[in-house]
Amino acid sequence: MLLQLEVAVTHLTGRRRQTLVSLTGVVLGVAFFLAVSSLMRGSEKDFIKRLVDNSPHITVSDDYRHPRTQPAELRWTNAAVHISNVKPQTETRGIRGYRERLAFVESLPGLRVAPILLGSAVLTFAGREQGVTLSGIVPKVMKTISTLPEKMIKGSIDALEANPNGIIIGTGLAEKFNLTLGRNLSVVAASGGSRAMKVVGIFRTGNAAYDENQTFTLLKRAQVLFDRSNRANRLLIQLDDPYAAREVARQIEAVVGYKATSWVEASEDILSVLIVRNIIMYSVVAAILIVASFGIYNTLSTIVLEKTHDIAILKSIGFHARDIRLIFLSEGVIIGMIGSVFGMALGAGLMQLLSIVQIKPPGVSEKVFLPIWWGPEQFALATAFAMASCILAAYLPARRAGSVHPVEILRGAA
Amino acid sequence: MTTILRADNLTRTLPGEVPVTLVEDVSLTIERGEFICIMGPSGSGKSSLLYLLGLLDVPTAGRVWLDGEDTCAYGEEELANRRLEKLGFVFQFHFLLAEFSVLDNVTLPIRRLGRLKETAARTRGMELLERLGVADQGTKHPHQLSGGQRQRVAIARALANDPLVILADEPTGNLDSVAGGTVRQILRDLAHAMGKTVVAVTHDPVFAAAADRRIGIVDGRIDADWRPA
Ligand SMILES: Nc1ncnc2c1ncn2[C@@H]1O[C@H](COP(=O)(O)OP(=O)(O)OP(=O)(O)O)[C@@H](O)[C@H]1O
Ligand SMILES: [Mg+2]
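Residues numbered from 1 in each chain as written. Chains lettered and ligands numbered in written order. Predicted model: local features only at pLDDT ≥ 70, side-chain atom pairs only at ≥ 80, totals over all residues. Heavy atoms only, no water.

The number of helices and strands found in chain B is 7 helices and 10 strands. What you see for chain B is a C-alpha radius of gyration of 17 Å, in line with the 17 Å of a compact globule of 229 residues. Seen along its three principal axes, the alpha-carbon backbone of chain B occupies a region of about 50 × 40 × 40 Å. Partitioning the intrachain contacts of chain B with sequence separation of at least 6 by distance along the chain shows that 70% fall at a separation of at least 24. (Helix = DSSP H or I, 4+ residues; strand = E, 2+ residues; numbered from the N terminus. Rg over C-alpha atoms; globule rule 2.2 N^0.38 Å. Contact = heavy atoms within 4.5 Å.)

Next comes the structure, spelled out in structure tokens:
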């Protein structure tokens, strides 16, 4: 074994109790770091997964990101043109030529897309009225991009194909209006068109507002009702790789011309909150390791004081200050490494324990477990933090040990 | 005769509000194979001179020549390398590492120098212990040994890298007359039979009588007329 390391080990084993206390600090620090970060990161991933799963990865809507360039601006591109009170031309709203644009998006690899015509309507049943969002969908493609089929508790979205006058509503509305499958109600679009429709399906997402206000019908029916034949005003896109959404949205927007919003853009505020949360969490768990490093500093300082004679001997024999520093730094490294190994074991145990804890959010009947993330990065991060704080804690005692002057010690001893 | 150790006008002053001069204008020449004693009253600067000759301390003025090299330009690490290769120290209080076995204490300088493999270092360590008559103590720890045995182990360690010069500061100061006699005999043999140069500080007139030459130090200066009381 390396001589300096051998001396380091004798120092630590010579002060067994204090070494153990320092070691415990690191073990607990690493374990706590892992338990907390795995829970926080786990809940973050869980949250993002919900975000990603329950909303379209990209939504192409019938808006433009920038207002159209006015002819005057096109004519004098570099002039200081100011045009006020521009009012967009009145036109039939919706994505123009949506079929070609849909075909283009469909031709891109790794995604599924569904057209939607979305508008507001008023449902009337037994003299009661409710304003709702009515989405015209194509059931066949809707199934490929939405979790709606899984949320159906009665009927199915395929029933829309069988009955062009069918409508799918949420449990909230069904309960409020006391509606069941097969009941007829009247639907009046904001544009004036109205029609009697039959409930062919009821869904439940768990989101109360959504379950009360969202309804679905056939795309064709919606086009007639809203008087917008051959139009859709949304393209909903689901990607194989949700994290590519921002880039794909940019590509689509460049070609299609309409605004394409990725889920990342739509949830920027939430994502930035998650980042802040992570910063807070890592500061707290890192602080624990920093506290643990005070224990190491204390132990090593004591050893340096206790071993000044040994240091003087080693230096008089011909050891360099560097060798002495190396001895004490390796004591920090040894504590850090052993502490990390046991800390990771304890941390993994805690994570295992947490992952079997069941939680019961109100109103949810299924079993819910704490989301624990087993990512290797956090193990690496915990070890890195532990090692860094151990080496930092060992640095000052090591420097002091390296600067011990043998003659001063020998004079004192004589 | 080859000069191994030479001091030119060595002065060592401790800085401070009232500077203390430990050693003043000491010049001496020590030949290979000589057994030299440094004597003088307590507090006269004998140990301080020994530290300067042993490259443990750096003179304020003057220079030390070791084995033909002027050491005054050397930095801390170069001085440490010279100590490791060419010098060996023995102190009054056994300065052995308590956690290491006797043999490990002896092989420490050998392993630090790193010229011998681990097994060869152990073999050499055992040889040295044998030469000093403590081979049977190799696996023990220093606290299990008598004072005389410890001092012999310290000498074995000083000899580990086959140095040119052994510097000893009152090596028998802590021993009874029998053990002291053994250590004295060993140091004498090192000089006369092995060709090592031995410089020893002592208060013991019997020890001094065994030396080839005695150097008296009074108030940090060489005093040729000094005789033990
Ligand atoms: N740090 C210091 N500050 C002030 N004076 C010091 C210091 N260290 C040593 N001295 C003084 O320097 C002088 C020389 O000390 P040194 O240890 O060399 O003497 P010595 O001859 O070895 O004495 P002894 O025979 O007692 O071992 C002494 O008078 C001592 O008091
Ligand atoms: Mg002295």
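This part is about the layout of surface pockets. All names here are of chain A. Considering only enclosed or pocket space, the largest pocket measures out at about 1400 Å³ in volume. Forming the boundary of the largest pocket are 39 residues, of which Asn54, Thr147, Lys151, Thr205 and Gly206 lie nearest the centre. Across the lining of the largest pocket, the residue classes break down as 15 nonpolar, 13 polar and 11 charged. A domain split of the lining of the largest pocket shows at least three residues from each of domain 1 (3-52 + 270-413) and domain 2 (64-258). (1 Å grid on protein atoms, 1.4 Å probe; cavity = no way out; pocket = protein on both sides within 12 Å on 5 of 7 lines; lining within 4 Å. Points joined across faces, edges and corners; volume = space filled by probe spheres on them. Nonpolar A, V, L, I, M, F, W, Y, C, P; charged D, E, K, R; others polar. Domains from an automatic or database assignment.)

Glancing now at empty space enclosed by the protein. A complete count under the given rule lists 2 cavities of 30 Å³ or more for this structure. Along the walls of the largest cavity sit 15 residues, with Ile317 of chain A together with Leu87, Gly88, Arg157 and Ala158 of chain B positioned nearest its centre. For the lining of the largest cavity, a count of residues per class yields 10 nonpolar, 3 polar and 2 charged.

In this section: the domain arrangement of chain A. Assigned domains of chain A: these are domain 1 (3-52 + 270-413) and domain 2 (64-258). Here the C-alpha centroids of domain 1 of chain A and domain 2 of chain A sit 54 Å apart.

Residue and element names in this part refer to chain B. Judged by pairing direction, the sheet is antiparallel, and its 4 strands sit side by side in the order β2-β1-β4-β5 without closing on themselves. Either end of the sheet is taken by a strand with one partner, and the two such strands are β2 (20-31) and β5 (69-70). In terms of strand pairing, strand β4 (residues 61-66) meets β5 through 2 bridges, oriented antiparallel. Looking at β5, one finds that Trp65 is bridged to Asp70. Where helix α1 (residues 46-53) meets the sheet, it contacts β1 (3-14), β2 and β4, and its direction lies at approximately 55 degrees from that of β2. (Pairing = 2+ DSSP bridges. Axes fitted to C-alpha atoms, helices over the stretch in contact; angles between N-to-C directions.)

Attention shifts here to the interface of chain A and chain B. The interface of chain A with chain B comprises 26 residues on the first partner and 26 residues on the second. With both chains or domains summed, chain A and chain B bury close to 2500 Å², and 60% of this area falls on carbon and sulfur atoms. For chain A, the biggest contributors to the area lost against chain B are Ile317, Leu410 and Arg411 of chain A; these three give 23% of the whole. In this structure, the salt-bridge partner of Asp323 of chain A is Arg112 of chain B, at a minimum N-O distance of 2.8 Å. For the pair chain A and chain B, the number of links is 9 residue pairs in polar contact (both at pLDDT 80 or more). For the side of chain A that touches chain B, the secondary structure elements donating two or more residues are α1 (3-14), α14 (308-317), α15 (321-355) and α17 (406-413) of chain A. Looking at which element gives the most residues to the side of chain A that touches chain B, the answer is α14 of chain A, with 7 residues. Considering only residue class, the side of chain A that touches chain B consists of 13 nonpolar, 6 polar and 7 charged. (Buried area = accessible area lost by both parts, 1.4 Å probe. Salt bridge = Lys/Arg side-chain N within 4 Å of Asp/Glu carboxyl O. Polar contact = N/O pair within 3.5 Å; in protein donor to acceptor, adjacent residues only side chain to side chain.)

On to the site of ligand 1. Around ligand 1 lies a shell of 13 residues, among which Ser42, Gly43, Lys46, Ser47 and Ser48 of chain B are the nearest. Surrounding ligand 1 is a set of residues that belongs to chains A and B. Taking Glu170 of chain B, its side chain carries an N or O atom lying 3.4 Å from an oxygen atom of ligand 1. In the complex, 62% of the free accessible area of ligand 1, which totals 630 Å², lies under the protein chains. (Near = heavy atom within 4 Å. Areas by Shrake-Rupley, 256 points an atom, 1.4 Å probe, with all protein chains shown as cover.)

Moving on to the pairing of strand β1 (residues 58-61) of chain A. Residue and element names in this part refer to chain A. Where β1 meets strand β9 (residues 234-239), 4 bridges bridge the pair, whose relative direction is antiparallel. Opposite Thr59, over in β9, you have Leu236 as the bridge partner. The pairing of β1 with strand β10 (residues 260-262) spans 3 bridges and is classified as antiparallel. Following the sheet pairing, Thr59 is matched in β10 by Thr261.

The relative placement of two aromatic rings is captured by the distance of their centres and the angle of their planes. All chains considered together, the criterion is met by 9 aromatic pairs over all chains. Arranged with centres 5.6 Å apart and planes meeting at 50 degrees, the rings of Phe33 of chain A and Phe385 of chain A form a pair that is tilted. Of the two residues, Phe33 of chain A is situated in helix α2 (residues 16-54) and Phe385 of chain A in helix α16 (residues 376-402); the sequence distance between them amounts to 352 residues. Overall, the relative accessible area of 32% leaves Phe385 of chain A in the partly exposed class. Here the aromatic rings of Phe203 of chain A and Tyr210 of chain A are separated by 6.0 Å at their centres, their planes lie at 65 degrees, and the arrangement is edge-to-face. When its relative accessible area of 33% is taken as the criterion, Tyr210 of chain A is described as partly exposed. Members of the aromatic cluster, each reached through a chain of ring pairs, are Phe33, Tyr282 and Phe385 of chain A. Looking at Arg6 of chain B, its charged tip hangs above the ring of Trp65 of chain B, at a distance of 4.9 Å from the centre. The ring of Phe319 of chain A has Arg112 of chain B sitting right over it, with the charged end atom 5.7 Å from the ring centre. (Phe/Tyr/Trp six-rings, centres within 6.5 Å; stacked < 30°, edge-to-face > 60°. Buried < 20%, exposed > 50% of the residue type's maximum accessible area, 1.4 Å probe, protein only. Lys NZ or Arg CZ within 6 Å of the ring centre and 35° of its normal.)

Residue and element names in this part refer to chain B. Ordered in space as β6-β7-β8-β3-β9-β10, the 6 strands form an open sheet in which the pairing is mixed. This sheet does not close on itself; its edge strands, each paired only once, are β6 (87-90) and β10 (221-222). In this structure, β6 lies alongside strand β7 (residues 165-169), joined through 4 bridges in parallel fashion. For Leu87, the partnering residue across the bridge sits in β7 and is Val165. Against the sheet, helix α2 (residues 76-86) touches β6 and β7, its axis set at about 80 degrees to β6. Seen against the sheet, helix α6 (residues 177-192) touches β3 (35-39), β7 and β8 (197-201) and runs at an angle of roughly 130 degrees to β3.

For α16 of chain A, built from 27 residues, the straight-helix expectation of 39 Å at 1.5 Å per residue is met to within 8% by its first-to-last C-alpha distance of 37 Å. The largest bend in α16 of chain A amounts to roughly 35 degrees and is located at Tyr395 of chain A, with the proline Pro397 of chain A lying one to four residues further along. (Expected span 1.5 Å × (residues − 1). Bend = angle between axes of the 7 residues up to and from the residue.)

The subject of this paragraph is the nonpolar core. In globular proteins that are soluble, nonpolar side chains generally tend to be buried together. Ranked by size, the top nonpolar core spans 77 residues in total, and within it Phe328 of chain A together with Leu5, Leu10, Leu49 and Leu53 of chain B carry the most contacts. In contact with Leu10 of chain B, not counting residues within four places along its chain, are Val23, Glu24, Asp25, Val26, Leu49, Leu52, Leu53, Pro59, Ala61, Gly62, Arg63 and Val64 of chain B. (Core = buried A, V, L, I, M, F, W, Y, C linked by side-chain atoms within 4.5 Å.)

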